[in-house]
Structure formats: structure tokens, C-alpha cells
Amino acid sequence: MIAVRNMAFYIGLIISITALTSYPAQAAIESFEFDNAQQEQTFYELTKLLRCPKCQNQNIADSNAELAKDLRNKAYQLVKQGQTKEQVVDYMVTRFGNFVRYDPPLTPATIFLWLGPLLFVMGGVFILVKQVKTQTGKKQALAPQEKQKLASLLAQHDRDSER
Amino acid sequence: MLPEIGQFSLILACVLSLLQTVYPLYGVQTGHQGAIRSAKMFTILQFIAVASSFVILAYLFLINDFSVTYIATNSNSALPWYYRLSAVWGAHEGSLLLWVFLLATWSIAVALMSRNLPVESIARVLAVLGLLAFGFYLFVILTSNPFERTLPYFPIDGRDLNPLLQDFGLVIHPPMLYMGYVGFSVAFAFAIAALLEGRLDSAWAKWSRPWTMAAWMFLTVGIALGSWWAYYELGWGGWWFWDPVENASFMPWLAGTALIHSLAVSEKRGVFKSWTVLLALSAFSLSLLGTFLVRSGVLVSVHAFASDPTRGLFILGFLILVIGGALLLYAVQASKVKSRGRYELASRESLLLLNNIFLIAALIVVLLGTLLPLVHKEIGLGSISIGEPFFNRMFTILIVPFALFLGVGSLFRWKRQKLGELVKPLLAILLLSIASSLTFLFVFAPALTWLAMLGAFLGFWIIVSVVYEIYLRSTHRHRFISGITKLGNSHWAMSLGHLGLAVMIIGITMTQNYSIEKDVKLATGEHITFEHYDFHFDQINALNGENYVGTVGTFSVTHDQQQVAVMHAEKRIYTVQRMPMTEAAIDAGFIRDLYIAMGEQLPDGAWAVRIYYKPFIRWIWLGPLIMAFAGLLMICDKRYRTKKPALIEPKHNSGEQNA
Amino acid sequence: MLNKRRILMLLVPFVIFIIGAIFLATPLLKGSDPSKLESALIGQPVPKFTLQDIFNQNKQYNADIFKGQKMLLNVWATWCPTCYAEHTYLNKLANQGLYIVGMNYKDDRQKAIRWLKELHNPYQISLFDKSGLLGLDLGVYGAPETFLIDSQGIIRYRHVGDLNEQVWNDKLSAIYEEMQ
């Protein structure tokens, strides 16, 4: 971004126009042939799992970019050679980094992807239970006749609220 | 001259919005009645000013005034008139003008339709809405002025609207979505006003509820439209991509869904009030966050607007003031709120709160999944991507307890439910839903998978329990037939809304598990067969549209030798922007879609063709439409149209007071 | 006391929001581009390859050319407008005595030779990667890219996009000076 500023303005313009036209308007459609259904399935899953590093946010199945095409072809070759899904993903990650896979690896930061929601659910349930307990605690502190009165009021309300 | 008038009325609206904030608040503070009542007047004036500005921009688009930069870059004289009109919100500047226009629309609706509310309260609400509008006006005027001129040298013709946006779906998708985003500002304003006033009571929940529901309804329709549009327009055949921009709309929806349920409890039972307020603040805050993410360029997304750090910083500053201020106010004021209602662990309150927890857990999944890549890179751990595999896995896990609790939730009584009473009905529901889901899959699915069985079971679990609940309520005191007519709108709304979700779950389950996607090489005269469907490639022809050229492939489709459809899949090149587009051919059906998209022509003259068979994909959008309709039903409930000021606490609180 | 604890608890959303806002603000203030990726090969040797010289089909190179001195590896192509923009600066760096290896990426040989003749050749060695094989192994995702490689043939840094005076002075020169 900063770099373009120093260069001739029209070059920046060309870049921005090419960037605009690379908008994902067109699906990438090719036909590949496989030895068996298992390979086809692996390849299909891979093209959905691998991200095109050049494009905006697209997997290599959907992108029509040159690089996505290259990666599809490479993935196709590797699958044809009999490599597993994990092997192909590793192949791509050693070259393009973790950015290339849509399923992030476990790192000190990504652990929160799983921990965050889990902790929230646990905390939420804990607070709910605690709140209910303090309430019932208060209720038991009532005198017997108050309790009775409350019970009848509650019962009456239950009937009301069913309407 | 006209563009200048448009800009002037925008500035006028900006000034009026500031007055709408300051003067009524001064009135509330000092008890000056005139100042309090001025809120309504300023709101109306502000609306008129921004509406004229909006109409002027639309008119300038219609008359092809390319001396306006925004029009020159986003329109073209060859563009059909209706797309020229929708091009008003086709890019950043105009879509923001739509945003402020809709904000003014919601404000004026609040001003005119809240005669039953105390004037002070309504003055506070309008003042908060005015402040929000003021921030956005400043943003439009200072960083994104749609009326900027290209003068003195203006182009003879425009650069055209992005061909992707030349589509009916995109004519209505942004207004719907923005109605939702902006609509949450009303719930936000009600919450802030209540916090300022220090009275968070059932009346507050009752006032906010229809507004929140209306906003939620628009957002639901808006998101569903977006998903549908992506499906037929992008040529990928997918319906959701977990792109940051989609997530940006999904997050306020999740918060809003939690909010409408929590509001119901707060209104009926006077509990969870501080939680409900937090949700009201969050729903709109997440809308703002979405705006920031889409327009600042901090994230890599398929459909982000042209990114600009200045704009990003401006929105971020505004975000910090509005959300930070609101959350601070919340911390101070909500601590004074006392919950008076009592409920046990086995009660409808608990189950509703539990499902709120799951909804917010889902929200956290989306929020972290969207923002963590940013943090990950910033703290030096490198770039990562978080996409479909992660989100799908998390949502598959979360939907299970959510759907189970949702089904039984409405069977539970308020306050206290004896679990023993529910054992028999729950067993019956369980057996019935297993039986019906298996039957369903035997009829419609080619094979059984565990995930499909789980999904179908959850869908039918909800359906069966909803039906059982309706039966139970209507036979409670009457015969079934007369009882069912006595159920209120709200009750039908709840049942329908839940059925909508069930329909959607079934749609997603079927589409995700049984779709067939084939990328094949076909020459004219050749055919391919799968799932009893035979696709015959008849011919290929040249195509000449109003502002595009291209080719069209014709396919005839037969199912067990019977003609089903003749489909025309197009490849277009839009002449002005030289942009190629895939216009997929879709044969839509209630239980399946057939989908054909043309690829490239191969060296040997054959074509790469993508053919999809998508079972039940329509249900994915039918579900949200049912949910939105349910929302409409609830708004029409007669208790929201009472003429009497709702100042008295609802009667059931008296129980606790007496005790 | 109870109220204070309650306020503290209710402050949690505010605190979370502020932390989030800081993370949103930093990339904006730093002006970092989210589409720019760091290389996965930092700290690793240049991958093995055999490529032709761009001027001479019979001359072949392998990864050994990256050993012996620190250098720049510039990935470029004639179809890339930004490469055109940075070419002048590459010439300037070459004149200052920097050792630069060029890798012509997925391009037409004749066009590339003409380009180098017309715009001056800043490269000590010019590799011709027609199929993009080395490009793929290097994780190239868009020309131009510039790798900083030390005398052991280890990749130390990758810059994606335009290489110009500002980028060089702000970031790359320091890394270059530090390399062995």
C-alpha cells in the first residue's frame, strides 16, 4: 500500500483495477479424472480445505485465480500419486504456511477457539445454578405460614400464566 | 446544483441529529417540557432532511449525472433503470447513506408510534438514536461523501455497477440487512435510556420487544436473501461460506435471537434483566463491529468494500465511544438492578437462559473464528485461516444441546417444573421423533449416515415437541378444536419460529450430507447420469444481453426417462468492466435443486461443466422465512397495541411483593 | 461490598471490549495489510531445484548458487505491473553492490529477455521458472516477492509486493545488514 504511493499513480491504478476484476465472479470449473472414488473424494475434500493464498477469502475449489489452479493441479498430482489428505495438507503448509488450511492447527492462541465457548458454557451454567441456589436459600428462610402463602400464590400464578 | 443540495441536506440532517440529542436531554435534566417534546420534532425534521438527500442521490443515478464521482464509478448509461436505482447502495458511500436514511426511518417510527410511552422516556430514546445518527453523519460527510463531484472534467459514461450486484437479490438484500442492523439501534437506545433513567423493569422489556423483533425479522430475511443470492449468483453452489462479512451479519443475529428470548422472560417474569440489557447493547454493538470489519479492511474477505484505514479508524473511534460508553454505563447502572422473580433449576426460565448460553457460545465461536486470525498474526504466531471445517464442527456440536433444550423448553412451566410429569411425554416425543426421522430418511435419502440421522432427529425432535406442546395447551381447558383457536399470536409465533428452525436444520442436514457435485467434461450431444437424473448437453449458443455478451449452454434433464427441465446455463462477459460471470442454471424444487454452471471451453471443444444435485436446499431459506413470519405474528399480538400507558408493573410480580 | 463485586463483574464486558478494540486498532495504526503473508520458509534453506538460465537454455543452476554470500532473490514476471514499478529500484540496489538473483516466474522467455535488455539487468543470475515449480516450493503467491538469503543459503525474510526505497530503508536494510 505504502509502496504504491511513491510510484507513478497510473501503476497504482492498474493494480487496483486488476485487483477489482479478480473479484470472484466466476466459479472455477475443471474436470479431473481419478483412478477410484476414494481419490476423487480426497481431492474434493482437499480443494474445500485448502485456501488460495493469493485470493480474497476463497478455497482453491471456488477460486479461478492462476495460483488456485496451480494448487489444484498440484493437489491432483499428489492425490494421484496416492498421497493421503494429511500428506497433501502438510505439503502445502510447509510451502505456504498455516494460512493455506482452513482448519487451523492447535497453537497457544487457537486453543481459545475451543476453550472460549467451552469456558463460557461452563461459566454460564455455573452462574445459573448458583443464582437458583441463592434464591431457594432465601425461600427457605421464610416462616412456615409465609411459605404456605407463597406456595398458593405461586400455584395461582402458574394457572394464570398458562393462559 | 442538485448534488450540492443533496449534500447540504445531509449536513442539515447532521446538525438536526445533534439537536435531537442535546436539547431533549437538557429538557429531561431540567424538566423543561418544551425541550422534552422537541425530540419528536427534531426526529421528523432530521428524517425529512436525510430522506431528501437520499432521494436526490437516487434521482441523480436515474438521470445519469456522471459529474458525481460516486455515480461515475458505480453506474453506466446502459444499465437498466432498476439497477441504476439499486446502484445507490451498490458501494461504500451510497450504502452508508442508505444506513443513515434507515436509521432516521427507525427513529421516526419510534417517535410516531410510541404515544403510549412517557414523554421523558421517549425523549431519552430519541436522543440516543440522534447521537448514533450524528456519528454516522459525520462519518459520511467527512470520509465518504457520495455527492463529491468529478468536476471540472467529468466522464462521458460511468464505469458501471459491479456485475455481481446487477441482480434482483442484490436490489433487496442490502436494504433488508441494514434494516436489521440499524433496527437493533432501537433496542440499544431503549436499553441506554432505561439505564440512564435507572429503571429496568418489565415495562421496558415490553416496549423494546416489538422493536427488537422487527429488527430481528429484517435481519433474518436479509441474511437468508444473502445466502440465496450467493447460491445462485456466484456459481459455487454453496449457501454459506463463513466469510468475515457473512459472520459479521450472523453475530448480531445470534445476539438478537438470544435477546428476543431473554426479553420475553424479562417481560413475563421480571428476571434476567441485566443480562437482557447486555444482550440489547451487544446486538447493536455487533452490528457496528460488522460495519467496521466490512469497511476497514482489517480482514481478508471475499466481499469487503474498498478498504481505507482512515475510514476504519473513524469507525473504530466511534465504536469505542459508543460501545465503550454503553458498557461502562451498564457496569455502573445494571449493578443496581434487583431480580425479583424466583425460579428453580427445572423451569422454563432456566431452560431459556440455558439456550441463551448456547446461542452466545455460538456467537463466541463466530467472533473468535472471525477475529482470532488477526490476533494470531499480531502476537507474532503467524497467519492462520479459520474456515468451514472449524465452524461446521463447532456448530454441529452446539446445535445438539441447543435443539434438545429448545424442543422441551416450551413444555416446561414457568418457575418450577416437576420433572416426573415430563418423563412420559418426553419418552413419547423421543420415540416419535426417532421414528419420523428414520422414515423421512428412508424415503428421501439414498443412504444413512450418522450425521444425517443426528440432524434429522434434531429437526423432528423440535417438530414433534412443538406439535405436542400445541396439543397440550389447546386441550388444557377446552376441546382441541376450540382450544387451538384460543391460542394467542405470541404462542403461534413461538411455535412457528421453532418450526422454522427445524425446517432449516433438516434442509442443512440433507444438503450437507446428500449433495452430489460433479465437475465433468461434456461436449454437445453428450450426457451424464446420476441420482436417476440424466443431463443431456443439447447445444451451445451465443448470447447478447443489454450490457453483456456471452454463451449459453442448453441442457435437457430427464428423471427416469421423463422430461424434468430444460436448463440454460450462461457465461456472461459484462462489456464495460470486462468481467466474466457465471450465471448458473437452476431447476428449483421443494425437495431438490438441480444446478448447472458452465466452465471454460477445453482445447478439444468440449466444456467443463459443473452439475449439482442439492436435496432440500430450499428448506435452508424456507426456515428463516418461517422464522421471520413468526416474528411478524408476534409483533401483531394485540398486547403491543394497547392504548393505555403501560406504567403498571405486570400483575405476576405482585406475588413476590406480597410474600 | 457486594455491590462493588457486582460492578466488577459487570465491568467484564467492558474490559473484553477494550482488549478487543486494541487488537482491532493496532493493524490499522500500523497500516499492515492482512493479505500479506509471512513466508513459511523463514530459517530454512532454499528448496532444491534445477532451473535453466533465462538467456541460455543449456546452462542449469541448482540451490548451491545461494551459498557463499548473502543475497536477494527477486521473483518477477513481465505480466506483473508492480514488477515494472520496482525494477528501477532493483537496478539501484544492484549498483550499490548488492548480489541479486532474479527468478522469472511463469513467463514468456523472449518477453523476459527483452524486458531485461530494455530496462537494464540488475540480476547476477537469472533463473527461468516457466512452470512455477520453484515458485511453488518457495510458497510464492504473487509476484513480485523478494527473499533475503544469508551466506548459508538460509531464507531470512520475505517481502511481498513492491520493493522501493521506503520499504528498503524501513525494514529490509536492517535485516540485510544483520545477516551473515
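What counts and what doesn't
- As a convention, each chain's residues are numbered from 1 in the sequence order in which they are written.
- The naming scheme follows written order: chains are lettered A onward, ligands numbered 1 onward.
- A pLDDT threshold of at least 70 governs which residues receive local features in this predicted model, and a stricter bar of 80 or more applies before side-chain atom pairs are shown or counted, although totals over entire chains, interfaces and linings include all residues.
- Segments assigned H or I by DSSP are reported as helices when at least four residues long, segments assigned E as strands when at least two residues long, and all are numbered from the N terminus.
- Contact between two residues is assigned when their C-beta atoms, built from the backbone, lie within 7 Å.
- Joined through C-beta atoms within 7 Å, a set of buried Ala, Val, Leu, Ile, Met, Phe, Trp, Tyr and Cys residues constitutes a nonpolar core.
- Exposure classes come from backbone-placed C-beta atoms, where a residue is buried if 20 or more other C-beta atoms lie within 10 Å of its own, exposed if 12 or fewer do, and partly exposed in between.
- Strands qualify as paired when DSSP identifies two bridges or more between them.
- Angular values range over 0 to 180 degrees, each being the angle between N-to-C directions of two axes fitted as lines to C-alpha atoms, with helices fitted over their stretch in contact.
- Residues are grouped as follows: Ala, Val, Leu, Ile, Met, Phe, Trp, Tyr, Cys and Pro are nonpolar; Asp, Glu, Lys and Arg are charged; all remaining types, including Gly, are polar.
- Note on angle classes: values under 35 degrees are labelled roughly parallel, values over 145 roughly antiparallel, values of 65 to 115 roughly perpendicular, and the remainder oblique.
- Scored from 0 to 100, pLDDT records how confident the predictor is in each individual residue.
- By this rule, a helix spans an expected 1.5 Å times one less than how many residues it contains.
- Here the bounds of each domain stem from an automatic or database domain assignment.
- The handedness criterion is simple: a crossing whose near helix is rotated anticlockwise from the far helix by less than a right angle is left-handed, and one whose near helix is rotated clockwise is right-handed.

**As for the overall build of chain A**
Alright, step 1. Scanning chain A from terminus to terminus reveals 7 helices and 0 strands.
Alright, step 2. Order of helices (α) and strands (β) in chain A, N terminus to C terminus: α-α-α-α-α-α-α.
Alright, step 3. The contacts of chain A with a sequence gap of at least 6 include a subset with a gap of at least 24, amounting to 51%.

**Details of the nonpolar core**
All names here are of chain B.
Alright, step 1. With 269 residues, the main nonpolar core has Val 100, Ala 187 and Phe 190 as its most contacted residues.
Alright, step 2. At 19 residues, helix 12 (residues 348–378) tops the list of elements feeding residues into this core.
Alright, step 3. When neighbours within four sequence positions are excluded, Phe 190 is seen to be in contact with Val 125, Trp 204, Trp 207, Ser 208, Trp 211 and Ala 280.
Alright, step 4. Counting residues in each nonpolar core, the second largest holds 20 residues, with Phe 555, Leu 594, Tyr 595 and Ala 597 among its members.

**Some remarks on the sheet that holds strand 1 (residues 50–53) of chain C**
Strand pairing within a sheet occurs via backbone hydrogen bonds; the two strands may be parallel or antiparallel.
Residue and element names in this part refer to chain C.
Alright, step 1. Spatial strand order, 2-1-5-4-3-6-7: 7 strands in an open sheet with mixed pairing. If you trace the sheet from one side to the other, it starts and ends with strand 2 (60–62) and strand 7 (155–160), each paired once. Looking at each pair of strands side by side, their axes are set apart by 30 degrees on average, direction ignored.
Alright, step 2. Inspection of the sheet shows strand 4 (residues 100–105) paired to strand 5 (residues 125–129) by 5 bridges, in the parallel sense. Bridge assignment links Tyr 105 to a residue of strand 5, and that residue is Asp 129.
Alright, step 3. Relative to strand 7, helix 6 (residues 165–178) is tilted by about 165 degrees, and along the sheet it contacts strand 6 (145–149) and strand 7.

**Description of the pairing of strand 6 of chain C**
Residues and elements named next belong to chain C.
Alright, step 1. For strand 6, the tally of buried residues reaches 5 of 5 residues, placing the bulk of the element in the interior.
Alright, step 2. Taking every second residue as pointing to the same face, both faces of strand 6 are buried, with Glu 145, Phe 147 and Ile 149 on one and Thr 146 and Leu 148 on the other.
Alright, step 3. The pairing of strand 3 (residues 71–76) with strand 6 spans 5 bridges and is antiparallel. Looking across to strand 6, one finds that Asn 74 is bridged to Thr 146.
Alright, step 4. One ladder, built from 5 bridges, connects strand 6 with strand 7; its direction is antiparallel. Its bridge partner being in strand 7, Phe 147 is matched across the sheet by Arg 158.
Alright, step 5. If you look at the hairpin formed by strand 6 and strand 7, you'll find 5 residues sitting between the two strands, and Gly 153 has a positive phi there, around 80 degrees.

**Some words on the interface of chain C and chain B**
Alright, step 1. The partner chain B presents 25 residues to the 21 residues of chain C that form the contact.
Alright, step 2. Elements that contribute at least two residues to the side of chain C that touches chain B include exactly helix 1 (2–10) and helix 2 (12–30) of chain C.
Alright, step 3. Ranked by residues supplied to the side of chain C that touches chain B, first place goes to helix 2 of chain C with 11 residues.
Alright, step 4. For the side of chain C that touches chain B, the residue count by class is 15 nonpolar, 4 polar and 2 charged.

**Digging into the sheet that holds strand 1 (residues 516–522) of chain B**
Residue and element names in this part refer to chain B.
Alright, step 1. Read from one edge of the open sheet, 4 strands run 1-9-8-7, paired in antiparallel fashion. If you trace the sheet from one side to the other, it starts and ends with strand 1 and strand 7 (585–587), each paired once. Each adjacent strand pair in this sheet contributes to an overall mean axis angle of 15 degrees, direction not counted.
Alright, step 2. Where strand 8 (residues 592–601) lies against strand 9 (residues 607–615), 8 bridges are found, and the strand directions are antiparallel.

**Thoughts on unusual backbone geometry**
Alright, step 1. Cis geometry marks the peptide bond from Ala 143 of chain C to Pro 144 of chain C, where omega comes out at -5 degrees.
Alright, step 2. Along the chain, Pro 144 of chain C falls in the loop between helix 5 (133–137) and strand 6.
Alright, step 3. Phi at Phe 616 of chain B takes a positive value of approximately 60 degrees, unusual for a residue other than glycine.
Alright, step 4. Residue position: Phe 616 of chain B is located in the loop between strand 9 and helix 18 (617–635).

**Re the environment of Ile 573 of chain B**
Residues and elements named next belong to chain B.
Alright, step 1. The topology assignment puts Ile 573 in strand 5 (residues 562–574).
Alright, step 2. A C-alpha to C-alpha distance of 9.6 Å links Ile 573 and Gly 545, two positions 28 residues apart in sequence.
Alright, step 3. Ignoring sequence-local partners within four residues, the contact set of Ile 573 consists of Tyr 548, Val 549, Gly 550, Arg 578 and Pro 580.

**Section: the packing of helix 10 (residues 273–296) of chain B against helix 11 (residues 309–333) of chain B**
All names here are of chain B.
Alright, step 1. Taken N-terminus to C-terminus, the directions of helix 10 and helix 11 make an angle of 170 degrees; their axes are 9 Å apart at the nearest point. Our classification of the angle between helix 10 and helix 11 gives roughly antiparallel. Each of Val 277, Leu 278, Leu 281, Ser 285, Leu 288, Leu 289, Thr 291, Phe 292, Arg 295 and Ser 296 in helix 10 lies in contact with helix 11, whose residues at this interface are Arg 311, Gly 312, Ile 315, Leu 316, Leu 319, Val 322, Ile 323, Ala 326, Leu 327 and Tyr 330.
Alright, step 2. Per-class residue counts for the contact of helix 10 with helix 11 are 14 nonpolar, 4 polar and 2 charged.

**Section: the confidence of the model for chain B**
Residue and element names in this part refer to chain B.
Alright, step 1. Overall, the predicted model of chain B reaches an average pLDDT of 89, with 96% of residues at or above 70.
Alright, step 2. Across residues 643–659, confidence stays below pLDDT 50; counting only partners more than four residues off in sequence or on other chains, it has 26 contacts.
Alright, step 3. At the level of chain-chain contacts, confidence expressed as ipTM amounts to 0.88, with global pTM at 0.90.

**Observations concerning helix 6 (residues 119–143) of chain B**
Alright, step 1. Compared with the 36 Å implied by 1.5 Å per residue over 25 residues, the 36 Å span of helix 6 of chain B between its first and last C-alpha is a close match.
Alright, step 2. Of all 25 residues making up helix 6 of chain B, 19 are buried, and the element is well covered by its neighbours.

**Considering the domain arrangement of chain B**
Residue and element names in this part refer to chain B.
Alright, step 1. When the domains of chain B are assigned, the result is domain 1 (1–161), domain 2 (162–417) and domain 3 (516–618).
Alright, step 2. On a C-alpha basis, the centres of domain 2 and domain 3 stand 38 Å from each other.
Alright, step 3. Residue-level contacts link 5 residues of domain 2 with 13 residues of domain 3.
Alright, step 4. The class makeup of the residues in the side of domain 2 that touches domain 3 is 3 nonpolar, 2 polar and no charged.

**Considerations on the packing of helix 3 (residues 37–49) of chain A against helix 4 (residues 66–80) of chain A**
Residues and elements named next belong to chain A.
Alright, step 1. It is at 10 Å that the axes of helix 3 and helix 4 come closest, and there the two elements cross at 150 degrees. Compared by their axis directions, helix 3 and helix 4 come out roughly antiparallel. With respect to the hand of their crossing, helix 3 and helix 4 are arranged in right-handed fashion. Packed against helix 3, whose contacting residues are Gln 39, Thr 42, Phe 43, Leu 46 and Thr 47, the element helix 4 presents Arg 72, Ala 75, Tyr 76, Val 79 and Lys 80 at the interface.
Alright, step 2. When grouped by side-chain class, the residues that make up the contact of helix 3 with helix 4 number 5 nonpolar, 3 polar and 2 charged.

**With respect to the environment of Phe 8 of chain B**
Residues and elements named next belong to chain B.
Alright, step 1. Structurally, Phe 8 can be placed in helix 1 (residues 2–30).
Alright, step 2. For Phe 8, a count of 15 C-beta atoms within 10 Å translates into the label partly exposed.
Alright, step 3. For Phe 8 and Tyr 514, which are 506 residues apart along the polypeptide, the C-alpha to C-alpha distance reads 56 Å.

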